[in-house]
Amino acid sequence: MDILGRLTAAWLTEATGQSFIVENRSGAGGNIGAAAVARAMPDGYTLLMGSPGTQAINAHLYPNPGYDGIADFAPISLVAEVPNLLAVHPSLGIRTVPELIAAAKASRLAYGETSIGGSTHLSAELFRLQAGIEGEHVTYRGSAPMLGDLLPGRIAWGVDNLPSILPHVRSGALVAVGVTSRARWSGAPEIPAIAESLPGYEVTAWFGLLAPKGTPGEVVATANAALAKMLATPAAVRRLADLGATPIPGTPEAYRDHIAAEFRKWGEVVKRAGIRLE
């Protein structure tokens, strides 16, 4: 989020000649920052870098996130998406999704993820639900503590953002079972997509720019055009690829539809998995 937010600010500054300043407002899974933008003047001077959490998931997890991820914003454009990666400890001898499912059905394997209520958490829960398996779910606050248990084998499998966990796969410390995107990631085409074994499975950590509800249409259109121009440059494509990300610009309408579809999808997953945060 922070890296993509700063890149987007730099790209918009270059494209428009206006200064864009990044202000981090962390906490409550992104609710604090999103609520601040939702309450801001709709004049184009305060924008939000949204994510699945802020726009589509948190409403199902928190009793009162403080804003409506759909109604309180004017979408500008999606920016990029990053797949997650499911990996296992090599001592298990597991190499594929079917092998992991069989092992998990034979024994309650411990598993973990890196963000409570975030895309890695729901990646793991969606996998568990679609595969029809149970297990000992261990929650972590960040990549480092989760990897601290996965690398020595204290948990059997885990899900992390691809850029964080891929170096451990390439070193041989972990075994990649599958990426969570619909298709294989171009940066590591040897790793299958989980959807190849579980049709319909798809999770990506996506990021996009939004303004407060009521922001004039011409402001939204100007920001959308500037972002689309920058995301089409070879330099931007290379920089995102270095982060394990893929540019996904589009229209404000397409972004709104995407948020609505994600809202419905994750609401069902949260309900089925029984996840609730205070």
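As a starting point, this report considers the structure included with it.

Calculation criteria
- Residues numbered from 1 in each chain as written.
- Predicted model: local features only at pLDDT ≥ 70, side-chain atom pairs only at ≥ 80, totals over all residues.
- Heavy atoms only, no water.
- Helix = DSSP H or I, 4+ residues; strand = E, 2+ residues; numbered from the N terminus.
- Contact = heavy atoms within 4.5 Å.
- 1 Å grid on protein atoms, 1.4 Å probe; cavity = no way out; pocket = protein on both sides within 12 Å on 5 of 7 lines; lining within 4 Å.
- Points joined across faces, edges and corners; volume = space filled by probe spheres on them.
- Nonpolar A, V, L, I, M, F, W, Y, C, P; charged D, E, K, R; others polar.
- Phe/Tyr/Trp six-rings, centres within 6.5 Å; stacked < 30°, edge-to-face > 60°.
- Buried < 20%, exposed > 50% of the residue type's maximum accessible area, 1.4 Å probe, protein only.
- Core = buried A, V, L, I, M, F, W, Y, C linked by side-chain atoms within 4.5 Å.
- Salt bridge = Lys/Arg side-chain N within 4 Å of Asp/Glu carboxyl O.
- Pairing = 2+ DSSP bridges.
- Right-handed = clockwise from strand over helix to strand, strands pointing away.

**Structural notes on the environment of A226**
In this structure, A226 sits in helix 8 (residues 217-231). Along the primary structure A226 and T16 are separated by 210 residues, whereas in three dimensions their C-alpha atoms are 6.8 Å apart. Apart from the residues within four sequence positions on either side, A226 is in contact with L12, A15 and T16.

**Some details on the environment of E268**
Positionally, E268 belongs in helix 10 (residues 252-273). Residues E268 and A188, spaced 80 residues apart in sequence, show a C-alpha to C-alpha distance of 31 Å.

**A short note on the layout of surface pockets**
Volume-wise, the second largest pocket comes out at about 320 Å³. If you go around the second largest pocket, you meet 21 residues; those closest to its centre are E81, R182, E202, T204 and H258. Looking at the lining of the second largest pocket, the elements with two or more residues in it are strand 2 (73-88) and helix 10. Element by element, the count of residues in the lining of the second largest pocket is highest for helix 10, at 6 residues. For the lining of the second largest pocket, a count of residues per class yields 9 nonpolar, 5 polar and 7 charged.

**Concerning the packing of aromatic side chains**
The final tally for this structure, using the stated rule, is 5 aromatic pairs. Aromatic pair Y111 and W157: ring centres 4.5 Å apart, planes at 10 degrees, arrangement stacked. Linking Y111 in strand 3 (residues 110-113) with W157 in strand 5 (residues 157-161), this pair joins segments that are 46 residues apart in sequence. Its relative accessible area of 3% is what places Y111 among the buried residues. In this structure W157 comes out as buried when scored by relative accessible area, which is 1%. Between F127 and Y201 the ring centres are 6.5 Å apart and the planes differ by 85 degrees, which places this aromatic pair in the edge-to-face class. Here F127 is found in helix 5 (residues 119-131), whereas its partner Y201 is found in the loop between strand 6 (175-179) and strand 7 (204-212), with 74 residues between them in sequence. Each member of the pair, F127 together with Y201, is buried. The rings of Y111, F127, W157 and Y201 are connected pair by pair, giving a single aromatic cluster.

**Re the nonpolar core**
Ranked by size, the top nonpolar core spans 34 residues in total, and within it L86, V88, L100, F127, W157 and L198 carry the most contacts. Looking at this core element by element, the count peaks at 6 residues for helix 5. Listed in part, the 24 residues of the second largest apolar core include L12, V79, F207 and V220.

**Examining empty space enclosed by the protein**
For the structure shown, the criterion picks out 1 cavity of 30 Å³ or more. Its volume calculated, the largest cavity comes out at about 40 Å³. Lining of the largest cavity is provided by T54, Q55, A56, N58, A59, P65, Y67 and G69. A breakdown of the residues in the lining of the largest cavity according to their chemical character gives 4 nonpolar, 4 polar and no charged.

**Topic: the pattern of salt bridges**
Enumeration according to the criterion identifies 7 salt bridges in this entry. Among the salt bridges present, the one from E196 reaches R184, with a minimum N-O distance of 2.8 Å. Pair noted here: E196 is in the loop between strand 6 and strand 7 and R184 is in the loop between strand 6 and strand 7, with a separation of 12 residues, a long-range link. What makes E196 partly exposed here is its relative accessible area of 46%. Taken together, the shared-partner salt bridges connect E125, R128 and E134 into one network.

**Some remarks on the pairing of strand 3**
Strand residues, when the strand is regular, have side chains that alternate between the two faces of the sheet. Residues A110 and G112 of strand 3 are buried on one face, and the alternating residues Y111 and E113, pointing to the opposite face, are buried as well. Across 4 bridges, strand 3 lies against strand 4 (residues 136-139) in parallel orientation. Residue pairing across strands places A110 opposite E136, the latter belonging to strand 4. Once you follow strand 3 into helix 5 and on to strand 4, the crossover reads as right-handed. In terms of strand pairing, strand 3 meets strand 5 through 3 bridges, oriented parallel. The partner of G112 across the bridge, within strand 5, is G158.

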